[in-house]
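# A look at the structure
Given next are the chains, with one letter for each unit.
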Amino acid sequence: MAAAFKAMKGAYEVARRERSVDVDVYFECAAQACSRLSDTRRDRRQQLEQGREKQAAAQ
């Protein structure tokens, strides 16, 4: 989330100062950062659930 915020802040600063710069690059970086964060959280949640299921089956 911090990376996404920094990318958005960078896009804002660039857009304010330079009209000729392609700001879409910054927005794409923010979207990718959010996507990676979401994927990481989903993977971790699945790992935790699988661990709980294994523990429950062992009991």
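See the structure shown above.
Only a predicted model underlies this, so the values are computations on that prediction, with no experimental measurement involved.

## Section: the packing of helix 1 (residues 2-17) against helix 2 (residues 24-58)
Contact geometry for helix 1 and helix 2: axes closest at 8 Å, N-to-C directions at 170°. Classified by the angle their axes make, helix 1 and helix 2 are roughly antiparallel. Every residue of helix 2 that contacts helix 1 at Ala 3, Ala 4, Ala 7, Met 8, Gly 10, Ala 11 and Val 14 is listed here: Tyr 26, Phe 27, Cys 29, Ala 30, Ala 33 and Cys 34. Along the lines of polarity and charge, the residues of the contact of helix 1 with helix 2 split into twelve nonpolar, one polar and no charged.

## Thoughts on helix 1
Each α-helix turn comprises 3.6 residues. Residues three or four places apart therefore point the same way. Taking 1.5 Å of rise per residue, the 16 residues of helix 1 would be expected to cover 22 Å, and the 23 Å separating its terminal C-alpha atoms lies within 8% of that figure. Taken residue by residue, helix 1 has Ala 4, Ala 7, Ala 11 and Val 14 as its buried positions. Buried residues along helix 1 cover an arc of 90° about the axis, so they all sit on one side. In this structure, helix 1 carries Ala 2, Phe 5, Lys 6, Lys 9 and Arg 17 as exposed residues pointing more than 90 degrees from its buried face. Where the residues of helix 1 are buried, they touch helix 2.

## Considering the pattern of salt bridges
Any two side chains of opposite charge can pair, given that their charged atoms come close. Applying the stated criterion across every chain, the model contains two salt bridges. Between Arg 42 and Asp 39 there is a salt bridge, with the nearest N and O atoms lying 3.2 Å from each other. With a gap of three residues between them, Arg 42 and Asp 39 both fall in helix 2, about one helical turn apart. What makes Asp 39 partly exposed here is its relative accessible area of 31%. Among the ionic pairs, Asp 43 bridges to Arg 42, the shortest N-O distance being 3.7 Å. Overall, the relative accessible area of 35% leaves Asp 43 in the partly exposed class.

Cut-offs used in this document
Residues numbered from 1 in each chain as written. Predicted model: local features only at pLDDT ≥ 70, side-chain atom pairs only at ≥ 80, totals over all residues. Heavy atoms only, no water. Axes fitted to C-alpha atoms, helices over the stretch in contact; angles between N-to-C directions. Helix = DSSP H or I, 4+ residues; strand = E, 2+ residues; numbered from the N terminus. Parallel < 35°, antiparallel > 145°, perpendicular 65-115°, else oblique. Contact = heavy atoms within 4.5 Å. Nonpolar A, V, L, I, M, F, W, Y, C, P; charged D, E, K, R; others polar. Expected span 1.5 Å × (residues − 1). Buried < 20%, exposed > 50% of the residue type's maximum accessible area, 1.4 Å probe, protein only. Arc of directions from axis to C-beta. Salt bridge = Lys/Arg side-chain N within 4 Å of Asp/Glu carboxyl O.

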